[in-house]
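A closer look at the structure
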Amino acid sequence: MGSMSGGLFYRVVLPLSVFAAIGIAAAAAFGLAAGLVAFIVPAGVLCLYIRGFAPNVDPSAAAEYESITDELKLALDTLRKLQPPIDLEIGGYRVTARSRQDREVGGDLFDAAVVDDTSFAVMVGDVSGKGLPAALVVPALLVLFRSELKRGGGPGELLERINRQLSDTMAHTGGATLGVGFVNTASGEIRYASAGQTGPYLLVPDHAPQPVDCSSLPLGIAPDARYEEKAIRLAQGGRLVLYTDGVLEASDPSGEMFGFDRLEAYLRRWSRETAAAHWMERLFTVLDSGYSGRKDDKTLLVVERTAVPAVQPPARFERTWRLPSAPGCERRILPELAGLIRANWPQDHRTDDIVTCVAEAIMNAAEHGNRYEPDNAVTVHVHIGSMLMVCRIRDEGEGPRLPGLDGGERVVREEREDARGWGMVLIDGLADYWIANREENGFCLELFFVNHR
């Protein structure tokens, strides 16, 4: 904390992955140095945005502060959009998640992602601290969670890899908690591991709520921490409830916390006929009305086993195309791709959206990655399983290169000028999720589509 032009400011240093996650425009406005993004946020401007006034702000710096305020609003909007409510149905399971933030943005996070044809992963976490400093760490954790899922291994191993990457950055911040569950859709087994996260509850029909005991260090505290896995069996009609400590620590006017006993009472009264989203809203209403003494973010995520799928071998199909970098090259494969999707996923009605998404990725790779160089090809690899379709589009180009710039300034300008970023707006709206990576010999975009049959 310090002063700037007569006002106070906060300095929050985050990994480069946060810079990529929240957007170039917002990050560039606050500066880039030594491979870390340093956000300089005047306290007066935060007051102006949240409370409507800005004390101690030098009038001569008003224009500069106004510009930073606009960028900050954009960053906050982006952070909120990173975590929309979750309502997914995957292979006989339903995943629902809701969150209530204490401030404009918060430090709670949650996610659900398909791993392969027979499993998916869920996650709930809480970054130490409140408000903007905590919220700015959330995108980094979301990016790390998705990227580490690709590398394989169980939930304990995943947490250990994330922890090693965060230990240097978060050693003096109090760290972050994270609970991760891998769900096997065929067997009903859930492998769960926790990094300091409050233990979930297992709900079995006609039985009392069963707490899952897991004690461990939060992320970012000890680089060599190990995270034990618990095996949980989820029968048909069963539910696994994950939550953050804001639910437990909400307090009434006398200071008494909501606590485990009241949470278990609400879990016992949850009928099979009540949808998870409705139950969550009722609980949030109770907490907001009667337990608002201690402010904190509150998040709930529920995994329900709604049906036992018929035993059948997963359908698999793979196809690779290599296309010349020329205008309209995507049209060479689109009819075949559409036919493959309809043949393998006859009950999914998003074929046109999937084909449009893949076409946009191919066009971006040919034009902005390879710059239509005849010696550079676009490679398209499609894997279609019973639950998940993965499409990888690789180019062989260097992308834009801006001479005369060094280090961080060059990174910012390159990403801003790379027109692939604009195409990603369309892709983001059509794919269930996606991951983009710069590789040694080009750029790879991975598109993931879940079968919503």
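Model, not experiment: these values are computed from the prediction. (Residues numbered from 1 in each chain as written. Predicted model: local features only at pLDDT ≥ 70, side-chain atom pairs only at ≥ 80, totals over all residues. Heavy atoms only, no water.)

1. Observations concerning the overall build of the protein
Applied cut-off: Numbering of helices and strands runs from the N terminus, with a helix taken as a DSSP run of H or I at least four residues long and a strand as a DSSP run of E at least two residues long. The classification of residues rests on relative accessible area computed with a 1.4 Å probe and restricted to protein chains. Under 20% of the type maximum is buried, over 50% is exposed, and intermediate values are partly exposed. Contact between two residues is taken to exist if any of their heavy atoms lie within 4.5 Å; hydrogens are not considered. For every accessible area listed, the method is Shrake-Rupley and the probe measures 1.4 Å; residues are considered covered only by the protein chains on display.
Helix and strand content of the protein: 14 helices and 20 strands. Counting all 453 residues of the protein, 50% fall into the buried class. Long-range pairs, those at least 24 residues apart, make up 68% of the contacts in the protein with a sequence separation of at least 6. When the accessible surface of the protein is split by element, carbon and sulfur atoms take 51% of a total near 20,900 Å².

2. Comments concerning the packing of aromatic side chains
Going by this rule: Note on aromatic pairs: the rings of Phe, Tyr and Trp (six-membered ring only in Trp) are paired at centre separations within 6.5 Å, and the planes decide the class, stacked below 30 degrees, edge-to-face beyond 60, tilted for the rest. A ring is considered to have a charge above it if a Lys NZ or an Arg CZ atom is located within 6 Å of its centre and within 35 degrees of its normal.
Scanning the entire structure with this criterion turns up five aromatic pairs. Where Tyr201 meets Tyr243, the ring centres are 6.0 Å apart and the plane angle is 25 degrees; that geometry is what we call stacked. Of the two residues, Tyr201 is situated in strand 11 (residues 201–203) and Tyr243 in strand 14 (residues 239–243); the sequence distance between them amounts to 42 residues. The residues Tyr201 and Tyr243 share a single accessibility class, namely buried. Geometrically, the ring pair formed by Trp270 and Trp279 is stacked, given 4.4 Å between the ring centres and 5 degrees between the ring planes. Both residues of the pair, Trp270 and Trp279, count as buried. One Lys or Arg, Arg146, reaches over the ring of Tyr433 and ends 4.0 Å from the middle of that ring. Sitting over the face of the ring of Tyr266, Arg269 holds its NZ or CZ atom 4.7 Å from the ring centroid.

3. Some points on the side chain of Asp126
Mapped onto the elements of the fold, Asp126 is located in strand 8 (residues 119–127). Under the relative-accessibility criterion, Asp126 is labelled buried at 11%.

4. Here we look at the sheet that holds strand 6 (residues 93–100)
The test is simple: Following DSSP output, two strands are said to pair if at least two bridges run between them. Helix axes are fitted only over the stretch in contact, all axes being lines through C-alpha atoms; the angle between N-to-C directions runs from 0 to 180 degrees.
If you walk across this open sheet you meet the six strands as 5-6-15-14-11-12, and the pairing is antiparallel. The sheet is open, and its two borders are formed by strand 5 (86–90) and strand 12 (210–211), each paired with just one other strand. As paired strands, strand 11 and strand 14 are joined by three bridges and run antiparallel to one another. Within the sheet, the bridge partner assigned to Leu202 lies in strand 14 and is Leu240. Helix-sheet contacts for helix 9 (residues 259–268) involve strand 11 and strand 14, and the interaxial angle to strand 11 is about 25 degrees.

5. Topic: the sheet that holds strand 10 (residues 189–195)
Overall, antiparallel pairing links the five strands, which are arranged 7-8-9-10-13 in an open sheet. The open sheet has two edge strands, strand 7 (108–116) and strand 13 (229–233), and neither has a second partner. Between one strand axis and the next, the sheet turns through 20 degrees on average, direction left out of account. Pairing analysis gives eight bridges linking strand 7 to strand 8, with the strands arranged antiparallel. If you follow Asp108 over to strand 8, its bridge partner there is Asp126. The strands touched by helix 6 (residues 138–150) are strand 7, strand 8 and strand 9 (176–184); relative to strand 7, the strand with the most contacts, the crossing angle is about 15 degrees.

6. As for helix 9
Restricting attention to buried positions, one finds in helix 9 the residues Gly259, Leu263, Glu264, Ala265 and Leu267. As for helix 9, its buried residues are in contact with strand 11, strand 14, helix 8 (245–249) and helix 10 (276–290).

7. Let's talk about the pairing of strand 15 (residues 298–305)
Counting buried positions along strand 15 yields eight of eight residues, so the element is predominantly enclosed. Side chains Lys298, Leu300, Val302 and Glu304 project from strand 15 onto one buried face, and the interleaved Thr299, Leu301, Val303 and Arg305 project onto a second face that is buried too. By the bridge criterion, eight bridges tie strand 6 to strand 15 in an arrangement that is antiparallel. Pairing of Ala97 across the sheet is with Leu301, part of strand 15. Pairing of strand 14 with strand 15 involves five bridges; the strand directions are antiparallel. What sits directly across from Leu242, in strand 15, is Leu301.

8. Some words on the confidence of the model for the protein
Quick reminder of the rule: In predicted models, pLDDT denotes the confidence assigned by the predictor to each residue on a 0 to 100 scale.
With 70% of its residues at a pLDDT of at least 70, the protein reaches an overall mean of 76. The low-confidence segment residues 1–55 (pLDDT under 50) makes 120 contacts with residues lying over four places distant or belonging to another chain.

9. So, the state of the cysteines
Let me state the cut-off plainly: Two cysteine sulfur atoms make up a disulfide if the distance between them is within 2.5 Å.
In total, this model carries zero disulfides according to the counting rule given. No disulfide involves Cys357; its nearest neighbouring cysteine sulfur is the one of Cys391, lying 8.2 Å away. The cysteine Cys444 is free of any disulfide, with Cys391 supplying the nearest cysteine sulfur at 9.5 Å.

10. Looking at the side chain of Arg350
Residue position: Arg350 is located in the loop between helix 11 (334–344) and helix 12 (351–369). Setting aside anything within four residues of it in sequence, one finds Arg350 in contact with Trp345, Leu430, Asp432, Phe449, Val450 and His452.

11. Structural notes on the environment of Lys150
Note on placement: Lys150 falls in helix 6. For the pair Lys150 and Ile435, spaced 285 residues apart in sequence, the C-alpha to C-alpha distance is 9.7 Å. Discounting residues that sit within four places of it in the chain, Lys150 has contacts with Ile435, Asn437 and Glu446.

12. Observations regarding helix 10
The following threshold applies: To estimate how far a helix should extend, the number of its residues minus one is multiplied by 1.5 Å. This arc is built from the directions going out from the helix axis to the C-beta atoms.
The end-to-end C-alpha distance of helix 10 is 21 Å, a good match for the 21 Å that 15 residues give at a rise of 1.5 Å each. Buried within helix 10 we find Ala276, Ala277, Trp279, Met280, Leu283, Phe284 and Leu287. Mapping the buried residues of helix 10 onto a view down its axis gives an arc of 160 degrees, with all of them on the same face. In helix 10, the exposed positions angled more than 90 degrees off the buried face are occupied by His278, Arg282 and Ser289. Contacts from the buried residues of helix 10 go to strand 6, helix 8, helix 9 and strand 15.

13. Describing the pattern of salt bridges
Formally: A pairing counts as a salt bridge when a side-chain nitrogen of Lys or Arg comes within 4 Å of a carboxyl oxygen of Asp or Glu.
Summed over all chains, the structure comprises 19 salt bridges. Arg272 is the salt-bridge partner of Asp206, the closest N and O atoms lying 3.0 Å from each other. Residue Asp206 is found in the loop between strand 11 and strand 12, and its partner Arg272 is found in the loop between helix 9 and helix 10; the two are separated by 66 residues along the sequence. Like Asp206, the residue Arg272 is exposed in the burial classification. Across the pair Arg350 and Asp432 runs a salt bridge whose closest N-O atoms are separated by 3.4 Å. One end of the pair, Arg350, is in the loop between helix 11 and helix 12; the other, Asp432, is in the loop between helix 14 (420–430) and strand 19 (433–439), and 82 residues separate them in sequence.

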